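Per-entry structural report
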Amino acid sequence: MTAAFETLRAAIARDHRLEEAEAVRRLRAAQPDEPASRRITAHALALAGQVRAAPLDPLSAESFLRHYGLSTREGVALMCLAEALLRVPDAETADALLREKLAGGRWALGDDPGSWLANAADWALMLTGTLARWHDAADEDAAAQLKRAVARLGEPVVRGAVRQAMRILAEQFVLAESIEEAVERGKARAPYRFSYDMLGESSRTGEDAGHYFESYARAIRVVAAGSRPGRDFERDGVSVKLSALHPRFEEAKRARVFAELLPRLLSLARLARDGGIGMTIDAEESERLELTLDLFESLARGAALDGWNGLGIAVQAYQKRAPAVCEWLVALARDARRRVPVRLVKGAYWDGEVKRAQQLAMADYPVFTRKAATDLCYTACAARLLEAADAVYPAFASHNCRGVAAILELAGGRADFEFQRLLGMGGALYEALLAERPVACRIYAPVGSFTDLLPYLVRRLLENGANTSFVHQIADPAVALEALVAEPLGLLPEPYVPDARIPLPRRLIPDRELCLGLDLSRRDVLAALRERVAEDRHAAAAVEPISAGALDSALARAAHAFESWSRTPAAERAAILERAARDIEGRTAELVSLIVREGKRTCADAVSEVREAADFCRYYALEARVKFGGPLALPGPAGESNALALHGRGVFACVSPWNFPLAIFTGQVAAALAAGNAVLAKPAEQTPRIALRALEILHAAGVPPDAAIPAPGDGETVGARLVADPRIAGVAFTGSVETARAIQLALARRPGPIVPLIAETGGMNAMLVDSSALPEQVVDDVVVSAFQSAGQRCSALRILFLDEGCAQRVLRLLAGAMRELKVGDPGEPDTDIGPIIDAPAREALGRHVERLRASARLVGETPLPAGLPEGDWLAPVAFEIALEALPESEIFGPVLHVVIYSRSMLDRVLHAIGATGYGLTLGIHSRVQGFVDRVVRAARVGNIYVNRSMIGAMVGVQPFGGEGLSGTGFKAGGPNYLLRFVTERTLTVNTAAVGGVTELLAPTGPL
Ligand SMILES: Cc1cc2nc3c(=O)[nH]c(=O)nc-3n(C[C@H](O)[C@H](O)[C@H](O)COP(=O)(O)OP(=O)(O)OC[C@H]3O[C@@H](n4cnc5c(N)ncnc54)[C@H](O)[C@@H]3O)c2cc1C
């Protein structure tokens, strides 16, 4: 491998989140010149004219979405139904879903918009083409009669009709249920070539990955046997998704992926080589790109595949680093002396890429924010691939007339490339093109059963329905063709700026910067963290507990410091906290290492903690500016001024737990300081060094040393002494209910003022799943919610309630997904689950698990690997229990209890959740809004999460804290939290005491 090749590879890593203006600047130079651009526009216009004039198949999705785009209520309803209806096993839930999605809306005939039955009938008939035919024949009466007739037949018939319609819609995008049938159908569609895609999304379990492997292998054999002869890359082929072939296809699992996935991939590639056909690796999420490329390189360089030119790969032009990827592929092909088929696509996961970058507060997006920039990138990449025809065989996958015209212009007279389209899309365009000239065109044809196609179908509906999408716009007569094929360069602002509606991830919240996240999908970042933790491993020095005398003097010093700190202007206090936030952010690696070593949290958990700590500082700083900026003037009688001001209360005791050793500690202290209090902070005995480091950072940022003093030690001596001291003006506590009670009693018993106790305690958190939920998504969220941080989060899921309709599938997936987790040293970035915090906690959990083993059904268990380092290990485990056997107290570890319920039991389930007395977090997975509403109405909990995991509350976005046994409120990271730390004072001045009521006698405004 040459240094030049390595440099190209490095550019791909470097450009992942390249600044967008720079990425666009590089693309401008690679665009066709003006005369070429004019020719492209003219050709594109001609093609677009033909596409628009082509009669639309009334059964096509294009036809349907012409009426119902995603910006319409009906289009969204369609997508929701498409996503869920086919998998719902029971009539009741299916009807609820239909009723909800089809009530209202303006469907084809719309004469009875209130009736969901009429709408459903309308819709079903529309999709099956029946109505459309009547519409075309302008026989409105007949159509209306038919619709009413179907609606009268009632729910079962309409449900059946809509399901049937759904299948018809799905058939637009799926060639056949079996590969044999697909190949037969493909043969009938000459001159099109085919690339068959075995439907299915990423695997959650090893078993699923095994099935996908078998199904790909079979597909390759069948396609090889049935395909027309030709050069390997020109014959029919197969597309594979690497995430389907391995349940943990992630950068952090690189070693495992190379050990397990690469051999599978090699066997498939050998089969394809032996059969003389092509195999293309699909492009997936941007975090998976580098791993994909490295696997691809291993295959491409391997002698085992010599002489085969069918090993292909897809490149997404919406990624800013697409040009770097093309460059690297060209170099790889030349280096490895093989011709590489490269399928250039724009990319199918744009919205997901944007959302993930925002959630992780990345420095920038991996994708462009403007569609025209994606188009520029597509053209630039196409030009590069066409230039390198010795090294690559380019395939241009697009349904965009301008894109196609641009390729033909760039290609000149060359024919050594092909176009590709998706089944069910772009038909008219390629028919027009084929009528015009003999170009090679391939159809990407998904194959598989209807239940496997839902995520694929949704992606296609999103693509067809999105406002920016070419296929959507060409179906809309209101969009002028000239605008549709306009030169993308002309659509970009000059100088270039990204789309203002999509601010940089860390600028998402208008008035506050988010803490920059670490990109854990990057190999160098993971390696650096691993090294840092290993280097720091022996750097620990014991922290001595504070003595009674030292505590006494600390209290005195803090009381003294309070006087000046509370009078420091709020803006100044805020600026200090913001400096601390910057410092925390700048020290991410150091703090992550400390949290991993002392708090035994995984690297990913530790990164989230650092972000949360910095976000707390910035959030409370902002809140202090707003709430303490000046007194609030109150209305009152003439001749009097009234104002309300907030003040710090005095010295706050902040008592924090080991499970968020940095974030909760810093959050409590920052809130108390922001509100003008001095603080004595007692960290958990297990994690004092993290706390001391946080205080050092606060002091360095400008908090006077005596305004925030550490009080390390255990709860019984230091904690108890601290809260019992009459100089303490309030307590912020996070921990168990028992300790919170003990603190409450201590506060009640001591002499002096009655002071507030802000307590955040535990939870018996439940998740309710109905039969419309997507099992894969449920399992992803259950695994994260129940087992991340070894279940040692107060928000963690403890009891999963599964509707009997989906329970078996969810449990099978869950058990498989649990087997894929790695329990181990938290300093290794591929570890999913670290140890339990200490031996007593491990023993208590162990006893609970033993009881369950004897009394409940084991659902799944993560294997404990051999050779674990010394520690208190407990593998994630899940048991099915009866509703009557719910645990009575919080089980603070990776132990999940599962209850299977029937719909008729829902009220009892809701009652049982309420009867625990806790009220912290609750998860709901359902596509039926009525179900969600019913659960939300019944719930008495602080934080409810729908169709997502129930941990990882974001500061200022999901203010966090419970009710009942789970806490006193107000919520941490919420707009009312600081109010718990303050006292209010009013100031009333009789302004008429001197002279008269001047504002009456000499008014400045109208009286
Ligand atoms: C044969 C074939 C194979 C495919 N294989 C893959 C694959 O392996 N992996 C994959 O991800 N996709 C794949 N796709 C899907 C493909 O990405 C979409 O079909 C494609 O994006 C549509 O492009 P277009 O030129 O037809 O449409 P156009 O409407 O011209 O472009 C749509 C593209 O613009 C992007 N876009 C929309 N708004 C913005 C914005 N504001 N800023 C930036 N970009 C924006 C969209 O995300 C989309 O990528 C494949 C498609 C085909 C035809």
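Scroll up to find the structure this text is about.
As the structure is a computational prediction, the values presented were derived from the model and not from experiment. (Residues numbered from 1 in each chain as written. Predicted model: local features only at pLDDT ≥ 70, side-chain atom pairs only at ≥ 80, totals over all residues. Heavy atoms only, no water.)

Quick look at the pairing of strand β1 (residues 193-198)
Among the six residues of β1, six are classified as buried, and the element is accordingly described as predominantly covered. The alternating pattern of β1 places Arg193, Ser195 and Asp197 and Phe194, Tyr196 and Met198 on opposite faces, both of which are buried. Where β1 meets strand β8 (residues 441-447), six bridges bridge the pair, whose relative direction is parallel. Note on β8: the bridge partner recorded for Arg193 is Arg442. By the bridge criterion, three bridges tie β1 to strand β2 (residues 237-240) in an arrangement that is parallel. Pairing of Tyr196 across the sheet is with Val238, part of β2. (Buried < 20%, exposed > 50% of the residue type's maximum accessible area, 1.4 Å probe, protein only. Helix = DSSP H or I, 4+ residues; strand = E, 2+ residues; numbered from the N terminus. Pairing = 2+ DSSP bridges.)

Notes on unusual backbone geometry
In this model, Glu494 is joined to Pro495 through a cis peptide bond whose omega is -5°. Inspection of the secondary structure puts Pro495 in the loop between α23 (481-484) and α24 (523-536). With an omega dihedral of -15°, the bond running from Gly969 to Phe970 counts as a cis peptide bond. Relative to the elements of secondary structure, Phe970 occurs in the loop between β24 (963-964) and β25 (982-990). Even without glycine at this site, Ser789 takes up a positive phi of about 60°. Inspection of the secondary structure puts Ser789 in the loop between α33 (775-787) and β17 (797-803). Positive phi outside glycine occurs at Asn947, with the angle close to 55°. Summarising the element assignment, Asn947 is placed in the loop between β23 (943-946) and β24. The exposure class assigned to Asn947 is partly exposed, which follows from its relative accessible area of 23%.

Notes on the nonpolar core
In terms of nonpolar packing, the biggest core is built from 114 residues, with Tyr196, Met279 and Phe419 touching the most fellow members. Core analysis: the next-biggest nonpolar cluster, separate from the first, contains 103 residues, Tyr456, Ala786, Ala875 and Val899 among them. (Core = buried A, V, L, I, M, F, W, Y, C linked by side-chain atoms within 4.5 Å.)

What about the sheet that holds strand β19 (residues 877-880)?
Reading across from one edge, β18-β19-β20-β17-β16-β22-β23 is the order of the seven strands in this open sheet, with mixed pairing throughout. Each end of this open sheet is capped by a strand with a single partner; those strands are β18 (857-861) and β23. Neighbour-to-neighbour, the strand axes of this sheet turn through a mean angle of 20°, independent of strand direction. Strand contacts of helix α34 (residues 804-819): β16 (765-769), β17, β18, β19 and β20 (895-901), with the helix running at about 140° to β17, the strand carrying the most contacts. (Axes fitted to C-alpha atoms, helices over the stretch in contact; angles between N-to-C directions. Contact = heavy atoms within 4.5 Å.)

What to know about the packing of aromatic side chains
Evaluation of the coordinates by the stated rule reveals 12 aromatic pairs. Between Phe194 and Tyr196, the aromatic rings sit 5.6 Å apart at their centres with planes inclined by 10°, giving stacked as the arrangement. What makes Phe194 buried here is its relative accessible area of 0%. Note on Tyr196: relative accessible area 0%, which makes it buried. (Phe/Tyr/Trp six-rings, centres within 6.5 Å; stacked < 30°, edge-to-face > 60°.)

Considering the environment of Leu305
Residue placement: Leu305 occurs in the loop between α15 (289-301) and β4 (311-316). Residues Leu305 and Ala972, spaced 667 residues apart in sequence, show a C-alpha to C-alpha distance of 58 Å. For Leu305, the contacting residues outside a window of four places in its chain are Leu266, Ala269, Arg270, Arg273, Leu299 and Arg338.

Remarks on the site of the ligand
Neighbouring the ligand are 30 residues; Gly347, Ser398, His399, Glu463 and Phe470 lie closest to it. Within the side chain of Glu463, one N or O atom sits 2.6 Å away from an oxygen atom of the ligand. In the complex, the protein chains occlude 94% of the 960 Å² of accessible area that the ligand would expose alone. Broken down by secondary-structure element, the contributors of at least two residues to the shell around the ligand are β4, β5 (340-345), α18 (371-387), β7 (418-422) and α21 (454-465). A per-element tally of the shell around the ligand places β7 first, with three residues. Here the shell around the ligand is composed, by residue class, of 12 nonpolar, 10 polar and eight charged. (Near = heavy atom within 4 Å. Polar contact = N/O pair within 3.5 Å; in protein donor to acceptor, adjacent residues only side chain to side chain. Areas by Shrake-Rupley, 256 points an atom, 1.4 Å probe, with all protein chains shown as cover. Nonpolar A, V, L, I, M, F, W, Y, C, P; charged D, E, K, R; others polar.)

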